[in-house]
Amino acid sequence: MCLYGKYIELQESTTVSKPKQPKSDNPLELAKNFKQQIKTCCRNSKEGKPDAVTYLWICVSSEGIMHYKDEGAKQLGMEEWLNVVDEAASLGASWVVLTLSTRLSQHDGVWEICRWAQDAHGMMVGLHLAVEEVNEEELASIKSLDLSKVRILIRREALPALGHLEKEGIQLWTANPQSEGIKPHCQGPAKMIYVNANGMLYTCGLVDGIDQYHMGSVLEKKLRQIMQDKELPHSVEEGIHRISPACDGCPALVANFFSENF
């Protein structure tokens, strides 16, 4: 069960099973118990971990985080998506970047993922936007997060259109810091987990959909098993490793241009 499942259990009951304690209706005590369970769970999960993963990159389809066009595939529920965040955090990920192909307001599930990443794991959150506009509803949702741990990623040519967000205390970063066609100055996929909207894992966003770089599904194996499996493709062939729009928002790329904040 993911940490989110534990959270639901704690919400339904104020009794903590181990160790036995007197029943309490104090919400602060409940929060304290929950926080302690998170720390214990993550500490246990990190034992014997592989080389540290730093970034979790989730690509959200136009249908949303839990909806997509492939009717034959099992759609992931919110608890399963939050479990992906839990597993990535247990491997050392301190960042989650969500690439959105449509407006923020069309992706309600994204906010729960962002809040969970921040509240449960203290992760930084990057929102990679395709639409060069943020309305009042979307702005309010962004401001509901811990803004010290939020970065909005947008293509460099769109930065002026969203400049007003900085007056709201929201930091903007360039999603495409390198010109297209050249070799990327990135930290490589070894430090990153990339998951698309179907829950399918690929070496990185550049090769999403290419069979030879398919690493499985989050429903099939634990992320730890996938990252430790040396038979899976953990690097991209040199010949195609060139900057393209598919690299926009890649945390392993952006990190090298905003290193003081990573």
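The preceding data block contains the structure.
Residues numbered from 1 in each chain as written. Predicted model: local features only at pLDDT ≥ 70, side-chain atom pairs only at ≥ 80, totals over all residues. Heavy atoms only, no water.

Chemist: For this particular structure, what's the right way to read the sheet that holds strand S4 (residues 150-154)?
Modeler: Note on sheets: strands pair through backbone hydrogen bonds, and any given pair is parallel or antiparallel. Taken in spatial order, the eight strands make up an open sheet running S5-S4-S3-S2-S1-S6-S7-S8, and their pairing is mixed. Each edge of the sheet is formed by a strand with only one pairing partner; in this case those strands are strand S5 (171-174) and strand S8 (214-217). Taking each pair of neighbouring strands and ignoring which way they run, the sheet shows an average axis angle of 25 degrees. Strand direction decides the pairing type here: strand S6 (residues 192-195) and strand S7 (residues 200-202), joined by two bridges, are antiparallel. Bridge pairing links Val195 to Leu201 in S7. Sheet strands in contact with helix H4 (residues 108-121) are strand S1 (55-60), strand S2 (95-100), strand S3 (124-129) and S4, and its direction is about 155 degrees off that of S3. (Pairing = 2+ DSSP bridges. Helix = DSSP H or I, 4+ residues; strand = E, 2+ residues; numbered from the N terminus. Axes fitted to C-alpha atoms, helices over the stretch in contact; angles between N-to-C directions. Contact = heavy atoms within 4.5 Å.)

Chemist: It is not clear to me how the packing of aromatic side chains should be interpreted in this structure. Could you clarify?
Modeler: The geometry of two aromatic rings is summed up by the distance between their centres and the angle between their planes. In total, this model carries three aromatic pairs according to the counting rule given. Taking 4.5 Å as the distance between ring centres and 5 degrees as the angle between the ring planes, the aromatic pair formed by Trp173 and Phe258 counts as stacked. Of the two residues, Trp173 sits in strand S5 while Phe258 sits in the segment after helix H7 (251-254), which places them 85 residues apart along the sequence. (Phe/Tyr/Trp six-rings, centres within 6.5 Å; stacked < 30°, edge-to-face > 60°.)

Chemist: Honestly, the nonpolar core in this entry has me stumped. Any pointers?
Modeler: Grouped burial of nonpolar side chains is what soluble globular proteins tend to show. In terms of nonpolar packing, the biggest core is built from 51 residues, with Leu56, Leu98, Leu127, Leu129, Ile142 and Ile193 touching the most fellow members. When residues no more than four places from it in sequence are discounted, the contact partners of Leu56 are Val84, Val85, Ala88, Ala93, Trp95, Val96, Val97, Ile193 and Val195. One finds Tyr55, Tyr202, Val254 and Phe258 within the second-largest nonpolar core, a separate group that totals 24 residues. (Core = buried A, V, L, I, M, F, W, Y, C linked by side-chain atoms within 4.5 Å. Buried < 20%, exposed > 50% of the residue type's maximum accessible area, 1.4 Å probe, protein only.)

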